[in-house]
Number of protein chains: 2
Amino acid sequence: MANGLPDPPCGLLTADAARSLVDSVDAFLFDCDGVIWKGDKLIEGVPEAMELLRKLGKKLVFVTNNSRKSRRQYSKKFKSLGLEVTEEEIFTSSFAAAMFLKLNHFPPEKKVYVVGEDGILEELKLAGFECFGGPEDGNKNIKLEADFYFEHDKSVGAVVVGLDQYFNYYKMQYARICISENPGCLFIATNRDPTGHMTSAQEWPGAGTMVAAVSCSVQKEPIVVGKPSSFLMDFLLKSFNLETSRMCMVGDRLDTDILFGQNTGCKTLLVLSGCTALPELLDASNKIHPDLYTYSVYDLVGLLQK
Amino acid sequence: MANGLPDPPCGLLTADAARSLVDSVDAFLFDCDGVIWKGDKLIEGVPEAMELLRKLGKKLVFVTNNSRKSRRQYSKKFKSLGLEVTEEEIFTSSFAAAMFLKLNHFPPEKKVYVVGEDGILEELKLAGFECFGGPEDGNKNIKLEADFYFEHDKSVGAVVVGLDQYFNYYKMQYARICISENPGCLFIATNRDPTGHMTSAQEWPGAGTMVAAVSCSVQKEPIVVGKPSSFLMDFLLKSFNLETSRMCMVGDRLDTDILFGQNTGCKTLLVLSGCTALPELLDASNKIHPDLYTYSVYDLVGLLQK
């Protein structure tokens with residue numbers, strides 16, 4: 001109950017609900033970390049679920065906030081896990097950052113500074129932008145000494161911040177000084193996930209932590225291009241002839257995946273195989289309610305074959 | 001004007017105002033970065049101002065959010081700049097973190113994990129606590145690989161986060177996992193300054209940026225022991241027989257120094273020699289109004305000798 005109104009429906013996925021869901025949608029949008037895999041480990045039953053949905057004529061699309069890889073690199077990762085997924089079926093927040101700049105006619109003579117990993121650099125280069133930073137700046141140390149002057153490139157017109165396991169004070173200052181001192185410099189976040197399943201065994205700080213640090217230093221909010229922003233959906237709709245009301249977003253995070261689905265008019269299915277545990281979903285303080293929830297995508301196989 | 005009420009008084013320090021200020025207070029509390037020095041450079045006229053105020057019988061106290069040094073190390077820094085200031089006259093946020101644990105009877109068998117620099121480790125050790133992390137963990141790299149498992153010490157009962165020029169993903173995960181997984185683990189921030197004059201020529205990301213990153217990853221707010229929290233004032237009052245209404249807080253930041261002064265009932269004087277520029281002070285969106293403002297502490301000398 002919120003404001004005296006009944007909570008939106010949020011039901012456990014039953015055999016009936018699964019059949020009705022499959023009948024009412026043409027496409028399934030899957031988050032990856034915590035849904036398809038954890039780190040480099042495939043989640044049990046994913047190949048079977050994907051095979052069944054494809055057999056039922058459903059379009060499968062993969063929408064991930066993880067900016068560490070490009071679409072090409074993700075396609076390779078799917079292949080290495082035995083799943084056949086093309087680049088065109090993958091929408092990453094690294095790709096979203098590049099497309100955001102393209103759509104906004106980012107001047108080709110300007111450069112992009114990257115706090116993040118290879119995926120962002122690769123997507124920016126594919127889109128024709130000059131960029132630097134990323135892993136290369138991971139070894140750069142700062143010594144805060146008396147007369148040290150930190151130089152920066154005044155032609156940087158955008159800073160893109162994503163997940164960065166090589167995050168350091170050098171990059172924090174580079175990002176801060178570009179955003180604060182280069183007139184009109186854009187501050188773009190791939191996403192704001194506080195944590196993520198970067199390895200199979202544990203959660204780790206997500207891109208949201210790097211974004212929070214930079215955001216604090218410049219006292220500005222970023223433009224977010226990944227989920228829950230609806231930005232990626234525009235590209236998805238351009239690529240495929242689909243209606244969002246005939247899509248189902250499947251994800252493990254309420255504040256990104258499920259909110260993204262709701263923001264864009266999709267049906268939503270929460271899986272508990274990743275970041276969200278059942279008590280969190282059912283807690284009174286949670287205001288984001290998926291249409292349905294289940295333990296993992298594998299449940300679709302059992303339920304649809306009942 | 002806010003809510004139709006006139007703004008609180010906020011006047012330029014004139015000769016009359018300076019005399020009246022000096023007559024009405026027994027102690028001056030000075031912030032350091034941006035007031036006494038910038039990085040390792042003394043701000044012009046500071047020795048003259050300090051000498052004059054001491055000659056007038058005023059107690060001088062130094063209250064800094066900068067946790068990079070301990071009280072002992074700050075006393076040495078003052079000496080190296082030609083200023084005679086004892087450890088007892090210095091109140092740092094690193095000291096505040098140690099005193100907070102002491103006052104709250106932090107169990108001696110528990111350990112403290114530090115995201116920060118030497119000053120915090122030294123103050124914690126002086127207070128009798130076992131601590132680790134800090135600069136030592138600045139060289140530890142993470143490789144987010146498939147089966148990597150990040151081990152942590154389950155006896156960590158508090159994480160202290162301060163300014164850290166060796167901030168990295170290892171420390172972010174260590175802090176996150178202690179706060180999230182060790183039952184009752186405290187999350188203490190020395191301060192939340194977004195930026196600071198760590199070198200004379202430029203501003204740099206402040207402790208607030210490290211705190212924002214950790215806070216995001218654990219989805220919790222920290223206990224703040226530095227300014228504007230009034231925590232340090234308790235110790236100050238225990239050390240000196242003074243009333244806060246007969247103190248003047250002199251600082252360059254509205255959201256820490258001036259707010260601290262106001263929170264604790266001091267008179268407040270903003271100097272424009274550090275982080276805050278005049279347009280920011282006078283902007284309609286600024287809701288923190290010092291009693292008085294001037295360009296630098298040196299102005300006191302000229303004005304009082306008129």
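Everything numeric here is computed off the predicted structure, so don't read it as measured data.

All names here are of chain A. The geometry of helix α4 (residues 93–103) relative to helix α5 (residues 118–126) is characterised by a closest axis approach of 8 Å and an angle of 35° between their N-to-C directions. Seen along the crossing, α4 lies across α5 with a hand that is right-handed. Contacts between α4 and α5 pair S94, F95, A98 and L101 from the former with G119, I120, E123 and L124 from the latter. Here the residues of the contact of α4 with α5 are counted per class, giving five nonpolar, two polar and one charged.

What follows deals with the UniProt feature "active site" (unreviewed entry) in chain A. Residue and element names in this part refer to chain A. Mapped onto this numbering, the UniProt entry annotates "active site" (unreviewed entry) at D31 and D33. When its relative accessible area of 6% is taken as the criterion, D31 is described as buried. Leaving out residues up to four positions away in the same chain, D31 has contacts with I36, V63, T64, K227, M249, V250, G251, D252 and D257. At a separation of 3.0 Å, a polar atom in the side chain of D31 contacts the side chain of K227. Position of D33 among the secondary structure elements: in the loop between β2 (27–30) and β3 (37–38). A relative accessible area of 14% means that D33 is categorised as buried. Apart from the residues lying within four places of it in its own chain, the contact partners of D33 are T64, N66, H197 and D252. Separated by 3.2 Å, the side chains of D33 and W37 make a polar contact.

On to the nonpolar core, then. The tendency in soluble globular proteins is for nonpolar side chains to be buried as a group. The biggest cluster of nonpolar side chains holds 58 residues, and the ones touching the most others in it are V159(A), Y169(A), V159(B) and Y169(B). Ignoring any residue separated from it by four or fewer positions in sequence, one finds Y169(B) in contact with L163(A), D164(A), Q165(A), F167(A), M198(A), W204(A), P205(A), M210(A), I142(B) and L144(B). By size, the runner-up hydrophobic cluster in this structure holds 37 residues, among which are A15(B), V46(B), Y74(B) and V250(B).

All right, on to the pairing of strand β7 (residues 111–115) of chain A then. The side chains of a regular strand alternate, first on one face of the sheet and then on the other. Residue and element names in this part refer to chain A. Across the five residues of β7, five count as buried, placing the element largely inside the fold. Of the two faces of β7, both are covered, the one formed by K111, Y113 and V115 as well as the one formed by V112 and V114. Sheet topology places β7 next to strand β9 (residues 156–161); five bridges connect them, and they run parallel. Counted as the bridge partner of Y113 is V159 from β9.

Take the relation of the copies chain B and chain A next. It takes a turn of 180° to lay chain B on chain A, together with a shift of 0.0 Å along the axis; the resulting RMSD is 0.0 Å. In short, the pair behaves as if placed about a two-fold rotation axis. Mapped onto chain A, 100% of the interface residues of chain B are again interface residues, and the two copies thus contact each other with one and the same surface.

Next up on the list: the pairing of strand β10 (residues 186–189) of chain B. Residues and elements named next belong to chain B. Taken together, the four bridges between strand β9 (residues 156–161) and β10 define a ladder with parallel strand orientation. Note on β10: the bridge partner recorded for V159 is F187. The handedness of the β9 to β10 crossover, carried by helix α6 (residues 169–181), is right-handed. Looking at chain direction, β10 and strand β13 (residues 223–224) are connected through two bridges and run parallel. When the bridges of β13 are listed, I188 appears paired with I223.

Once that is clear, we can look at the sheet that holds strand β2 (residues 27–30) of chain B. Residue and element names in this part refer to chain B. Strand order in this open sheet of seven strands is β1-β16-β15-β14-β2-β5-β6, and the pairing throughout is parallel. Only two strands of the sheet have a single neighbouring strand rather than two, namely β1 (11–12) and β6 (90–92). By the bridge criterion, two bridges tie β1 to strand β16 (residues 292–294) in an arrangement that is parallel. Paired with G11 across the two strands is L292, which belongs to β16. Along the sheet, helix α2 (residues 46–55) makes contact with β2 and β5 (59–64), crossing β5 at roughly 135°. Seen against the sheet, helix α8 (residues 231–239) touches β2, β5, β6 and β14 (247–251) and runs at an angle of roughly 160° to β6.

The subject of this paragraph is the interface of chain B and chain A. At the interface, 41 residues of chain B touch 41 residues of chain A. Interface of chain B and chain A: buried area, both sides summed, is about 3600 Å²; carbon and sulfur atoms make up 60% of it. Per-residue buried area on chain B facing chain A is highest for L144(B), Y169(B) and W204(B); these three make up 20% of the total on that side. Our enumeration of links across chain B and chain A arrives at zero salt bridges. Elements with a contribution of two residues or more to the side of chain B that touches chain A: α6, β12 (204–205) and α7 (207–218) of chain B. Sort the elements by how many residues they give to the side of chain B that touches chain A and α7(B) lands first, with seven residues. Looking at side-chain class alone, the side of chain B that touches chain A contains 21 nonpolar, 11 polar and nine charged residues.

Here we come to the UniProt feature "binding site: Mg(2+)" (unreviewed entry) in chain A. UniProt marks D31(A), D33(A) and D252(A) with the feature "binding site: Mg(2+)" (unreviewed entry), using the numbering shown here. Taking the farthest pair of C-alpha atoms as the criterion, the annotated set spanning 222 residues converges on one region, since that pair is 8.1 Å apart.

Here we take up the sheet that holds β9(A). One open sheet holds the five strands; their spatial order is β8-β7-β9-β10-β13 (chain A), and the pairing between them is parallel. The sheet terminates laterally at β8 (130–133) and β13 (223–224) of chain A, the two strands that pair on one side only.

What follows covers the pattern of salt bridges. One pass over the structure, following the stated rule, counts 31 salt bridges over all chains. Among the ionic pairs, R68(B) bridges to E117(B), the shortest N-O distance being 2.9 Å. You can see R68(B) sitting in the loop between β5 and α3 (71–80) and its partner E117(B) sitting in the loop between β7 (111–115) and α5 (118–126), a full 49 residues away along the chain. With relative accessibility at 18%, the residue R68(B) sits in the buried group. For E117(B), a relative accessible area of 6% gives the class buried. One salt-bridge network, held together by shared partners, links D31(A), K227(A) and D257(A).

Conventions used here
Residues numbered from 1 in each chain as written. Chains lettered and ligands numbered in written order. Predicted model: local features only at pLDDT ≥ 70, side-chain atom pairs only at ≥ 80, totals over all residues. Heavy atoms only, no water. Axes fitted to C-alpha atoms, helices over the stretch in contact; angles between N-to-C directions. Helix = DSSP H or I, 4+ residues; strand = E, 2+ residues; numbered from the N terminus. Left-handed = near helix turned anticlockwise from the far one by under 90°. Contact = heavy atoms within 4.5 Å. Nonpolar A, V, L, I, M, F, W, Y, C, P; charged D, E, K, R; others polar. UniProt positions renumbered as here; feature names shortened; annotations may be inferred. Buried < 20%, exposed > 50% of the residue type's maximum accessible area, 1.4 Å probe, protein only. Polar contact = N/O pair within 3.5 Å; in protein donor to acceptor, adjacent residues only side chain to side chain. Core = buried A, V, L, I, M, F, W, Y, C linked by side-chain atoms within 4.5 Å. Pairing = 2+ DSSP bridges. Least-squares fit on C-alpha atoms with pLDDT ≥ 70 in both. Right-handed = clockwise from strand over helix to strand, strands pointing away. Buried area = accessible area lost by both parts, 1.4 Å probe. Salt bridge = Lys/Arg side-chain N within 4 Å of Asp/Glu carboxyl O.

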